[in-house]
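If you want the building blocks of each chain, they are given just below.
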Amino acid sequence: MNTSQTTDMQNYGVLFSLFDEYHNFALSTHINPDGDAIGSELGLYLFLTKLGKSVKIFNTDAVPDSYRFLPYWDNIQNVHSVRTYRPEVLIVLDASTLERIGKTLSKTLLPTHKLVNIDHHATAEAFGDVNLIMPSASSTSEIIYKLIKHHQTPICKACAICLYTGLMFDTGCFRYSNTTVETHRIAAELIEIGEFAPDEVYRNVYEQLPVAKIRLSGEVLRTLQVTRDGKIASVYATQRMFQKIGTTADAVEGIVNQIQAIAGVEVAICASEMTDRSTKVSLRSQGHVDVSQLAAEFEGGGHTRAAGCRVAMPYPAAVTTLVETAQRYIDQSSSEHGDCQKG
């Protein structure tokens, strides 16, 4: 057994001790929660409640409509529900930093005893009293699956569909490079346990698009800019677009994948103007550029090929800055590949 496996096993043991010792737990995840964030939260929620624990979930942002088919999604409360609630243990899932759960929530949802950090991002900070960080895992949902399996507690049907959804989302429907043989084995087991149809999960997450989202995509794609070398593509969405169409920045999700598909593009950038004049940015890479490192320069994070950040500047300046930074990474990558070829 290698060192990382030993560490994971030790942390499982520490977590199981916490589960035995304490009764009141709170769970939270990053702002603008996605499939893995919500899937892992609900999976852990169902596991802990099965152990007889009192568990509450608090998120800064609401559950997107596309995940409201998941069991118990309506048990997720918003930031305003916290007030003076003080759990014994706070478990933060899928967030690279504590601040990623939201400025207000990170300062108000304070545990009386232990802070636990469970994540699979390579850029994750070890901010918890207990840190279960597994970059080798495809998703945080996979970590929760392994945690439950090590506890030798049966996974219920409701838990299975939640964890599968997280697994499916963070692997890009099993297309991304973080998809492994083990990922497929876990997915198969969850399907068998949950007795659900994978195509129904897919349709709920990806094929329930409101008309406003399609119209917004048209507006955003008109802003497409591609650098001279054809390696960086960028688009942006503005508050004026949202108001015109009658939607919000949430509807921008997924557009970055469309421009990533342009032939020759190495880095795709999608910027959204927020109400406070800051800019939310989604980044994608074909693999030569590690966009998690790029995002980290702006206090963001993510994966090698998919990452994001929030830039404290208006969207025109943010796009320019991100393109320039991405160009630096591409030039560096080209130089390194050139050196390898010379060697």
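Coordinates for the structure precede this section.
Small disclaimer: the values here were computed from a predicted structure and weren't measured.

Considerations on the environment of D94
Alright, step 1. Summarising the element assignment, D94 is placed in the loop between β4 (89–93) and α3 (103–108).
Alright, step 2. Placed 195 residues apart in sequence, D94 and V289 show a C-alpha to C-alpha distance of 22 Å.
Alright, step 3. Other than its neighbours up to four places away in sequence, D94 contacts T29, H30, D34, D36, A37, I118, D119, H120, H121 and T140.
Alright, step 4. Of the polar contacts made by the side chain of D94, one reaches the side chain of H30; its length is 3.1 Å.

Remarks on the side chain of Q239
Alright, step 1. Along the chain, Q239 falls in helix α9 (residues 239–245).
Alright, step 2. You can call Q239 buried: its relative accessible area is 18%.
Alright, step 3. Apart from the residues lying within four places of it in its own chain, the contact partners of Q239 are E273, M274 and T275.

A word on the packing of aromatic side chains
Alright, step 1. With the rule as written, the count across this model stands at 11 aromatic pairs.
Alright, step 2. Ring centres 6.4 Å apart and planes at 15° place the aromatic pair Y12 and F16 in the stacked group. Here Y12 and its partner F16 are both found in helix α1 (residues 3–21), four residues apart, which amounts to about one turn of the helix.
Alright, step 3. The buried category is assigned to Y12, whose relative accessible area is 3%.
Alright, step 4. Here Y202 and Y206 contribute two aromatic rings whose centre-to-centre distance is 5.0 Å and whose plane-to-plane angle is 40°, an arrangement assigned as tilted. Note that Y202 and Y206 are positioned in helix α7 (residues 198–206) at a spacing of four residues, about one turn of the helix.
Alright, step 5. You can call Y202 partly exposed: its relative accessible area is 33%.
Alright, step 6. Residue Y206 is classed as partly exposed on the basis of its relative accessible area of 28%.
Alright, step 7. Grouping aromatic residues by their ring pairs yields a cluster made of Y12, F16, F19, F25 and F47.

Notes on unusual backbone geometry
Among all residues except glycine, the phi angle is most often negative; among peptide bonds, the trans geometry is most common.
Alright, step 1. Even without a glycine there, the phi angle at D94 is positive, about 65°.
Alright, step 2. Backbone geometry at E299 places phi at a positive 65°, although glycine is not the residue there.
Alright, step 3. Turning to its location among the elements, E299 is positioned in the loop between α11 (291–296) and β11 (301–302).
Alright, step 4. Judged by relative accessible area, which is 76%, E299 ranks as exposed.

Remarks on the pairing of strand β1 (residues 24–29)
Alright, step 1. A large share of β1 lies buried, amounting to five of its six residues.
Alright, step 2. Two strands pair when backbone bridges link them, and β1 and strand β2 (residues 54–59) are joined in this way by four bridges, in the parallel orientation. Residue pairing for β2: L27 is matched across the bridge by I57.
Alright, step 3. Taking the sense of rotation as the criterion, the β-α-β connection linking β1, helix α2 (residues 35–50) and β2 turns out right-handed.
Alright, step 4. In this sheet, β4 lies alongside β1 in parallel orientation, the contact comprising five bridges.

Concerning the sheet that holds strand β5 (residues 114–119)
Alright, step 1. Sheet architecture is open: six strands sit in the order β3-β2-β1-β4-β5-β6, paired in parallel fashion. The open sheet terminates on both sides in strands that have one partner only, identified here as β3 (76–78) and β6 (130–133). Averaged over all neighbouring strand pairs, the angle between strand axes comes to 25°, with direction disregarded.
Alright, step 2. This element, α2, spans β1, β2, β3 and β4 of the sheet and lies at about 170° to β1.
Alright, step 3. Lying over the sheet, helix α4 (residues 140–151) contacts β4, β5 and β6, oriented at roughly 115° with respect to β5.

Description of the side chain of T227
Alright, step 1. Considering the arrangement of structural elements, one finds T227 in the loop between β7 (225–226) and β8 (232–237).
Alright, step 2. Of the polar contacts made by the side chain of T227, one reaches the side chain of D229; its length is 2.7 Å.
Alright, step 3. The residues touching T227, leaving out its near neighbours within four places in the chain, are I232, V323 and Q327.

A short note on the sheet that holds strand β12 (residues 306–311)
Alright, step 1. Taken in spatial order, the six strands line up as β7-β8-β9-β10-β12-β11 in an open sheet, and their pairing is mixed. Looking along the sheet, the strands with just one partner apiece sit at the ends: β7 and β11.
Alright, step 2. Looking at chain direction, β7 and β8 are connected through two bridges and run antiparallel. Paired with Q225 across the strands is S234, a residue of β8.

Rules behind the numbers
- Residues numbered from 1 in each chain as written.
- Predicted model: local features only at pLDDT ≥ 70, side-chain atom pairs only at ≥ 80, totals over all residues.
- Heavy atoms only, no water.
- Helix = DSSP H or I, 4+ residues; strand = E, 2+ residues; numbered from the N terminus.
- Contact = heavy atoms within 4.5 Å.
- Polar contact = N/O pair within 3.5 Å; in protein donor to acceptor, adjacent residues only side chain to side chain.
- Buried < 20%, exposed > 50% of the residue type's maximum accessible area, 1.4 Å probe, protein only.
- Phe/Tyr/Trp six-rings, centres within 6.5 Å; stacked < 30°, edge-to-face > 60°.
- Pairing = 2+ DSSP bridges.
- Right-handed = clockwise from strand over helix to strand, strands pointing away.
- Axes fitted to C-alpha atoms, helices over the stretch in contact; angles between N-to-C directions.

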